[in-house]
Amino acid sequence: MWSMNQQENIEQQLWSYIDGISSNEEKMAVERLIATSVEWKNKYHELLDVHKLMSTVELEQPSMRFTKNVMEEIAKLHIAPAAKNYINKKIIWSIASFFILLIVGFLIYGFAQVDWNFQDDSKPLIDFSSFNYGKIFNNNLVNLFMMVNVLLGLVLLDRILANKRKRFQKPI
Amino acid sequence: MSTGLGDNEIISRVLRGEQGAYADLVNRYQGYVFTLVLRMIKSREDAEEVAQDVFVKTYRSLANFRGESKFSTWLYTITNTTCITFLRKKKLEVHSLDNEKVFEVADSRDSGFRANMIEQKSRVSMVNRAITMLNPDDAEIITLFYKAEQSLDEIARILKIEVNTAKVRLHRARGRLKEKMERHFTEEIKNIY
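Just so we're clear, the structure is a prediction, and the values are computed from it rather than from any experiment.

Draft legend 1. Seen up close, the overall build of chain A. Within chain A, the secondary structure is distributed over eight helices and zero strands. Starting at the N terminus and ending at the C terminus, chain A contains elements arranged as α-α-α-α-α-α-α-α. Counting over 172 residues, chain A shows a buried share of 10%. The contacts of chain A with a sequence gap of at least 6 include a subset with a gap of at least 24, amounting to 30%.

In C-alpha cells, the structure reads:
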C-alpha cells in the first residue's frame, strides 16, 4: 500500500499525464510504470474514468431570452471611452515633475551645506544646525504645497466619511 | 448564432459602432458567464440577473479591453467583481477556501439532493451536482478547466496564482470531487467504473 504522500504524488503525476502537461521524460516514466505496475495501471484507469466523466459536463445555460435582454439593455447605453483616453498624461507629468523638482531642490540645498574639505572626525559631515529652516518654510511655494496637501487630506477624509455614512445608512 | 469570427474581430466591430455584433459575444459566452455566476450565487434567477449585468458592464467598458489576455480572462474578472458586489449588496456570505461552514452547508445540501437522486441519474447531472457540493474555490477551478476549457496557464492568470499552484489546486479539487461522487453517488459510480 502507498502512504498518503506517495498516493498524492502518484495521483499528481498521473493527472499531469492525463492532462497532457507532463514533460517527455515524465510521460515516458509514467507510461513505463503503468505498463509494469498493476497498482499504477488501476490508479490510472480510475483517474481516467473521472477525467472522462468530467469532460462530459456542459456549461449551464441561462433562459432563451438572455441575449435579447442584454441587447435591449445595451441599446440604451454607449461604450465608455477607454480610461487611458481621459486620463491626461500632461497632468500626470506635471505632478511628477513638481515632486521631482521639489526633491532635487531639497537635495541641492542639503549638499550645498556640506563642507567637503572638512578633516576633523569629531564633527559631522553635514552641520544640521547651520540649516536655515525658516528660510525654507517661509518660502511661498512650500507653503502652497503644504496647503494643497492639507486640502487633499480633507477631501480624502470627506470621501472616507461619506462612504462610511452610506454603508451605515439603513435602506428605506 | 455564432458567426465564426474571432473575439477580437467582433470587439473591433462593436467598437466601430456595430452594436448588433455584441450579440455574437453574448451568445458565445453566456454559458461561461452564467455557469461561473451560478457557482457563487446559487439562485438561478439572481444568477441570470447578475450574468446580464456582467454583459452590460462588459459592453460599457469594452474600449478598455486591450487584447493582452484572452477575452474570457477579462470577462472572468468582470464576472467575479460583479458577483462579489451583488453578494455584498445582498449581505450574503462570500465563502472562502478553508471555511468549515462551506462544507457543512454543502453536506446539509447533500441530504436534499439524495432525495432526488433516483430521478436524476444522468452522468452529467451527477457531476454537476457533485460540483455544487464542493467548496466554491474547488468548484471554480474545475468549472474553469472542464466547462470553460481554460488552460492551466490561463487559469493561473485568471486566479492570479502560479501555474504550479493552479496545477496542485486542480489536482486536489478533482480528488475531492471524486470523493464526493463516490460518497453520494455510489450506485451511479459503480455503473460507470
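What follows continues from the structure just given.
Draft legend 2. Geometry of the overall build of chain B. Along its length, chain B carries 10 helices and zero strands. What you see in chain B, going N to C, is helices and strands ordered as α-α-α-α-α-α-α-α-α-α. The 193 residues of chain B split such that 36% are buried.

Draft legend 3. Looking closely at the interface of chain B and chain A. If you look at the interface, chain B gives 36 residues, while chain A gives 30 residues. For the side of chain B that touches chain A, the secondary structure elements donating two or more residues are helix H2 (22-40), helix H3 (44-60), helix H6 (123-133), helix H7 (136-147) and helix H9 (163-184) of chain B. The greatest single-element share of the side of chain B that touches chain A, amounting to 10 residues, is contributed by H2 of chain B. Residue composition of the side of chain B that touches chain A, by class: 19 nonpolar, 11 polar and six charged.

Draft legend 4. Fine view of H9 of chain B. With 22 residues, H9 of chain B should cover 32 Å at 1.5 Å per step; its first-to-last C-alpha distance of 31 Å lies within 8% of that length. Among the residues making up H9 of chain B, those that are buried are Ala166, Arg169, Leu170, His171, Ala173, Arg174, Leu177, Lys180 and Met181 of chain B.

Draft legend 5. Layout of the packing of H3 of chain B against helix H4 (residues 71-89) of chain B. All names here are of chain B. Where H3 meets H4, the axes come as close as 9 Å, and the angle between the chain directions of the two elements is 130 degrees. By the angle between their directions, the pair H3 and H4 is classed as oblique. As H3 packs across H4, the resulting crossing turns out to be right-handed. Between H3, through Val50, Asp53, Val54, Lys57 and Thr58, and H4, the contact on the second element is made entirely by Leu75, Ile78, Thr79, Thr82, Cys83 and Phe86. Classifying every residue of the contact of H3 with H4 by side-chain character gives six nonpolar, three polar and two charged.

Draft legend 6. Inspection of H7 of chain B at higher detail. When you tally the buried positions in H7 of chain B, you get 10 out of 12 residues, the bulk of the element. Packing partners of the buried residues in H7 of chain B comprise helix H3 (38-55) of chain A together with H2, H6, helix H8 (152-159) and H9 of chain B. Among the residues trailing H7 of chain B, Glu149 of chain B stands out with phi positive, at a value near 50 degrees.

Draft legend 7. Main features of the nonpolar core. Residues and elements named next belong to chain B. Counting 59 residues, the largest nonpolar core has Val33, Val37, Ala51, Ala130 and Ile142 as the members making the most contacts within it. Among the elements that line this core, the one with the most residues is H2, at 11 residues. Ignoring any residue separated from it by four or fewer positions in sequence, one finds Ala130 in contact with Leu177, Lys180, Met181, His184 and Phe185.

Draft legend 8. Expanded view of the packing of H8 of chain B against H9 of chain B. Residue and element names in this part refer to chain B. For the pair H8 and H9, the least separation of the axes is 8 Å and the interaxial angle reads 100 degrees. By the angle class used here, H8 and H9 are roughly perpendicular. Only Val163, Ala166 and Lys167 of H9 make contact with H8, whose side of the interface consists of Leu152, Asp153, Ile155, Ala156 and Leu159. Residue composition of the contact of H8 with H9, grouped by class: six nonpolar, no polar and two charged.

Cut-off values and rules
Per chain, residues are indexed from 1 in the order of the written sequence. Naming scheme: in the order in which they are written, chains are lettered from A and ligands are numbered from 1. Local features in a predicted model are, by the rule used here, given only for residues with pLDDT of at least 70; side-chain atom pairs are given and counted only at 80 or more, and totals for whole chains, interfaces and linings are based on all residues. Think of it this way: any DSSP run of H or I at least four residues long counts as a helix, any run of E at least two long counts as a strand, and we number them from the N terminus. Any residue whose C-beta has 12 or fewer other C-beta atoms within 10 Å is treated as exposed, any with 20 or more as buried, and any in between as partly exposed, C-beta atoms being built from the backbone. Each residue is represented by a C-beta atom placed from its backbone, and any two residues with such atoms within 7 Å are regarded as in contact. Under the convention adopted here, Pro, Cys and the residues Ala, Val, Leu, Ile, Met, Phe, Trp and Tyr are nonpolar, Asp, Glu, Lys and Arg are charged, and Gly plus all remaining residues are polar. Helix span is expected to be 1.5 Å times the residue number reduced by one. Inter-axis angles, ranging from 0 to 180 degrees, are taken between N-to-C directions of lines fitted to C-alpha atoms, where helices are fitted over the stretch in contact. Roughly parallel here means an angle under 35 degrees, roughly antiparallel means over 145, roughly perpendicular means 65 to 115, and every remaining angle is called oblique. In a left-handed crossing the near helix is turned counterclockwise from the far helix by less than a right angle, and in a right-handed crossing that turn is clockwise. The term nonpolar core means buried Ala, Val, Leu, Ile, Met, Phe, Trp, Tyr and Cys residues held together as one set by C-beta atoms within 7 Å.

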